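Spelled out from the first residue to the last, the chains are:
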Amino acid sequence: MRNLANTLKSRPVLKRIILLNMALIVILFCTFAFSTITTAKHTQAAQRNTQTTYESVRITGGDSLWSIAQEYRGIEPTEDFVEELMVINNLSSDHIQSGSYILVPVTSVL
């Protein structure tokens, strides 16, 4: 420890570099912490201010759960939305028939 103290006294440039690195680490930590807190607050606010309704959608030729999910999913991953559609509509596979109807959840921000 004394060697480090002596080295720092004899080399002011090294001391400045160490202090600068420590300051940079503190700044990065504070920035990360602030960003995490802000993101969490925005996520909570968005979840509180949404409403989910269900829309009946008629299946036409060429439609698939995947194409419907792409249209209605919002920011949810397509695969997750397809699974949700299957559960809501009590489907055992992702195949749907033209002319039938399915319920699609539509989330809106209040």
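Our structure's up above, just so we're on the same page.
To keep things clear, this report deals only with the structure shown in the data block. (Residues numbered from 1 in each chain as written. Predicted model: local features only at pLDDT ≥ 70, side-chain atom pairs only at ≥ 80, totals over all residues. Heavy atoms only, no water.)

## Things to note about the overall build of the protein chain
Here is the rule we go by: Helix and strand assignments follow DSSP, with helices taken as H or I runs no shorter than four residues and strands as E runs no shorter than two, numbered in order from the N terminus. Think of it in three bands: residues with accessible area under 20% of the maximum for their type are buried, residues over 50% are exposed, and the middle band is partly exposed, with areas taken using a 1.4 Å probe on protein chains only. By definition, residues are in contact when any of their heavy atoms lie within 4.5 Å. What sets the accessible areas is the Shrake-Rupley method with a 1.4 Å probe; for residues, cover comes only from the shown protein chains.
Looking only at helices and strands, the protein chain has 4 helices and 2 strands in total. Burial analysis of the protein chain (110 residues in total) assigns 14% to the buried set. For the protein chain, the proportion of contacts with a sequence separation of at least 24, taken over those separated by at least 6, is 62%. In the structure as shown, the protein chain presents an accessible area of about 8800 Å², 60% of it carried by carbon and sulfur atoms.

## A few points about helix α3 (residues 65–72)
The condition is simple: The arc in question is formed by the directions pointing from the helix axis toward the C-beta atoms.
Those residues of α3 that sit buried are Leu65, Ile68 and Ala69. Projection of α3 onto a plane perpendicular to its axis shows the buried side chains occupying an angular sector of 100°, all on one side. Packed against the buried residues of α3 are α4 (78–88) and β2 (101–109).

## Structural notes on the side chain of asparagine 89
Defined as follows: Polar contacts, as counted here, are pairs of nitrogen or oxygen atoms within 3.5 Å of one another; within protein the pair requires one atom able to donate a hydrogen and one able to accept it, and residues that are adjacent in sequence qualify only if both atoms are side-chain atoms.
Along the polypeptide, asparagine 89 turns up in the loop between α4 and β2. Of note is the side chain of asparagine 89, whose polar atom sits 2.9 Å from the backbone oxygen of leucine 85. A polar contact is formed between the side chain of asparagine 89 and the backbone nitrogen of leucine 103, at a distance of 2.7 Å.

## Side note on the nonpolar core
For clarity, the threshold we go by: Throughout this description, the term nonpolar core refers to a set of buried Ala, Val, Leu, Ile, Met, Phe, Trp, Tyr and Cys residues connected via side-chain atoms within 4.5 Å.
Ranked by size, the top nonpolar core spans 12 residues in total: Val57, Ile59, Leu65, Ile68, Ala69, Phe81, Val82, Leu85, Met86, Ile96, Ile102 and Val104. Mapped by element, the contributors of at least two residues to this core are α3, α4 and β2. Ranked by the residues each element gives to this core, the list is headed by α4, at 4 residues. Beyond its immediate stretch of four places on either side in the chain, phenylalanine 81 contacts Ala69, Tyr72, Arg73, Glu76, Val104 and Pro105.

## Things to note about unusual backbone geometry
Not every positive phi belongs to a glycine, and asparagine 90 is a case in point at roughly 55°. The exposure class assigned to asparagine 90 is exposed, which follows from its relative accessible area of 72%.

## Notes on α4
Buried within α4 we find Thr78, Phe81, Val82, Leu85 and Met86. Seen from one end, α4 has its buried residues packed into an arc of 145°, which puts them on one side. Summarising the contacts, the buried residues of α4 are in contact with α3 and β2. Looking one or two residues past α4, asparagine 90 carries a phi angle of roughly 55°, positive in sign.

## Points about the packing of α3 against α4
The test is simple: Every axis in this analysis is a line fitted to C-alpha atoms, fitted for helices over the stretch in contact. Angles between the N-to-C directions lie between 0 and 180 degrees. To sort the angles, those under 35 degrees are grouped as roughly parallel, those over 145 as roughly antiparallel, those from 65 to 115 as roughly perpendicular, and the leftovers as oblique. Take the far helix as the reference: if the near one is turned anticlockwise from it by less than a right angle, the crossing is left-handed, and if turned clockwise, right-handed. Under the grouping applied here, Gly and all other residues not named as nonpolar or charged are polar, the nonpolar ones being Ala, Val, Leu, Ile, Met, Phe, Trp, Tyr, Cys and Pro and the charged ones Asp, Glu, Lys and Arg.
α4 packs onto α3 with a crossing angle of 110° between their chain directions and a minimal axis gap of 9 Å. Classified by the angle their axes make, α3 and α4 are roughly perpendicular. In this structure, α3 crosses over α4, and the sense of that crossing is right-handed. Contacts between α3 and α4 involve Leu65, Trp66, Ile68, Ala69, Gln70 and Tyr72 from the first element and Thr78, Glu79, Phe81, Val82, Leu85 and Met86 from the second. Grouping the amino acids of the contact of α3 with α4 by side-chain chemistry returns 9 nonpolar, 2 polar and 1 charged.

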